[in-house]
Amino acid sequence: MAEFISYQPSDHFTTVKYTGDASSPRSITTGFQPDILWTKNSTTNPNLIWNSVNAAGENAELSTNDAGGEGEHDANLYGYLSAFAATTYAVTTGTTNDNYVNDASYDYYGWAWKAGTTSGITTDGNTTITPSAYSFNQTTGISIIKYAGNSTAGAKVAHGLGAIPHTVWIKRLDAGNYDWAVYHRSNFNGWGSTDPEDYYLILNGDGAKVNNTYWNDTKPDSVNLTLGNFTALNTTGDDYIAYCFTSKPGFSYFGAYRGHALNADGAFCPTGFRPNYLIVKNQEGGDLWVSQNIEANAFNPSTTYLIPSATTAPTTASSYAIDFCGTGFKIRSTINALNYTTQTFTYCAWADFPMVSSNDVPGLAR
């Protein structure tokens, strides 16, 4: 049964694609203020991510494909996100080389999420860390929190979602090489298990899930994340950013599927919407993260993919085929990173079009 939603997904998430023109600053239209912005160009440069909690600027970026701290790329040379605005963001080119954000030789992708609530975060009697800054959107299950670590195993950090997080990406902001830590509700020990709090993934690497006490072996709840005592996510004197998401009908879904023996007739994953943006990770194998989006793939099968955990340029290959359907996605791939025999794959999906929404137009397959 389709669930009615009273808004369009594009009011809160969008993928933009543009061709660089070397102008500076240049305004890119999203239709809303993008409180999270993730960008990648069509060559071998970093995946860069900014957020409105830390504000825009030349020293505010992180990269999903490396372990460096905030602002460790030379933005003066390579360009940066210079401003968030009501319906746009602005990019400023570098002094000697502008290919990260607006080089005339390249195409660019931007994935943008709207948050927007910056006061009144909920805490409870268990909360031990209240974020120093935050922005959240409970309607669509998105929050960005900035917090200071306290080196205490079992620390409880308020996340603002008002629901149990289904995935959380945490990065230490201070200089130094500390991996991104990823919680996902489908990281579990064997298909059908229910122990995601025992594991984490590394966003900037290709390794399998790791069994450790990063989450203090405690599931998040509707108010707090629970942290272990690790430098990558909870050390006194260090600041961290956490991107938190929970599934919302018609807008997002965070789940898992099983590989089908390298058979191109792979799993169908119902999400309740036609996906716009999809990120997949083989949680059991040493395979890179894979993402696909509608802007790069106008028709099925979708075969142009990117790698969030590497600087690789967008690549087109039939072995990475996925169908974006009206109610989910279908794996057509024969590659280990998407369809390895009996292994478990976690995914994050955001909607292009829901099954039913406020304009009474049904979501259709492509």
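Check the entry above for the structure.
This section reports on the structure supplied with the text. Keep in mind that this is a model prediction, so the values were computed, not measured.

Procedures and definitions
Residues numbered from 1 in each chain as written. Predicted model: local features only at pLDDT ≥ 70, side-chain atom pairs only at ≥ 80, totals over all residues. Heavy atoms only, no water. Pairing = 2+ DSSP bridges. Helix = DSSP H or I, 4+ residues; strand = E, 2+ residues; numbered from the N terminus. Salt bridge = Lys/Arg side-chain N within 4 Å of Asp/Glu carboxyl O. Buried < 20%, exposed > 50% of the residue type's maximum accessible area, 1.4 Å probe, protein only. Contact = heavy atoms within 4.5 Å. Core = buried A, V, L, I, M, F, W, Y, C linked by side-chain atoms within 4.5 Å. Axes fitted to C-alpha atoms, helices over the stretch in contact; angles between N-to-C directions.

**With respect to the sheet that holds strand E8 (residues 107–113)**
Strand pairing in a sheet takes place through backbone hydrogen bonds and is either antiparallel or parallel in direction.
Thought 1: Read from one edge of the open sheet, five strands run E1-E8-E3-E4-E5, paired in antiparallel fashion. Taken across any chain shown, the strands that pair with only one partner, and hence form the sheet edges, are strand E1 (13–19) and strand E5 (62–63).

**Section: the pattern of salt bridges**
Thought 1: Scanning all chains against the criterion turns up eight salt bridges.
Thought 2: Measuring nitrogen to oxygen at the nearest pair gives 3.7 Å for the salt bridge that ties Asp21 to Arg26.
Thought 3: One connected set of salt bridges, linked through shared partners, spans Asp265, Asp323, Lys330 and Arg332.

**Quick word on the environment of His73**
Thought 1: Among the secondary structure elements, His73 is positioned in the loop between E5 and helix H1 (75–78).
Thought 2: Judged by relative accessible area, His73 falls into the buried class, the value being 16%.
Thought 3: Distance in space between the C-alpha atoms of His73 and Leu62 is 8.3 Å, their sequence separation being 11 residues.
Thought 4: Discounting residues that sit within four places of it in the chain, His73 has contacts with Pro46, Leu48, Glu61, Ser63, Asp66 and Tyr100.

**Quick look at the nonpolar core**
Thought 1: Of all hydrophobic cores here, the largest spans 32 residues; its most connected members are Trp113, Trp169, Tyr243, Phe245 and Trp350.
Thought 2: When sequence neighbours within four positions are dropped, the list of residues in contact with Trp113 reads His12, Phe13, Phe32, Gln33, Pro34, Asp35, Ile36, Trp38, Ile142, Phe245, Tyr277 and Trp350.
Thought 3: In terms of nonpolar packing, the next biggest core, distinct from the first, is built from 24 residues, Ile170, Ala181, Tyr200 and Tyr214 among them.

**Considerations on the sheet that holds strand E6 (residues 80–84)**
Thought 1: The sheet built from three strands is open, its strands ordered E2-E7-E6 with antiparallel pairing. Of all strands in the sheet, those with a lone pairing partner are strand E2 (26–29) and E6, marking the two edges. Between one strand axis and the next, the sheet turns through 35° on average, direction left out of account.
Thought 2: Sheet topology places E2 next to strand E7 (residues 88–92); four bridges connect them, and they run antiparallel. When the bridges of E7 are listed, Ile28 appears paired with Tyr89.

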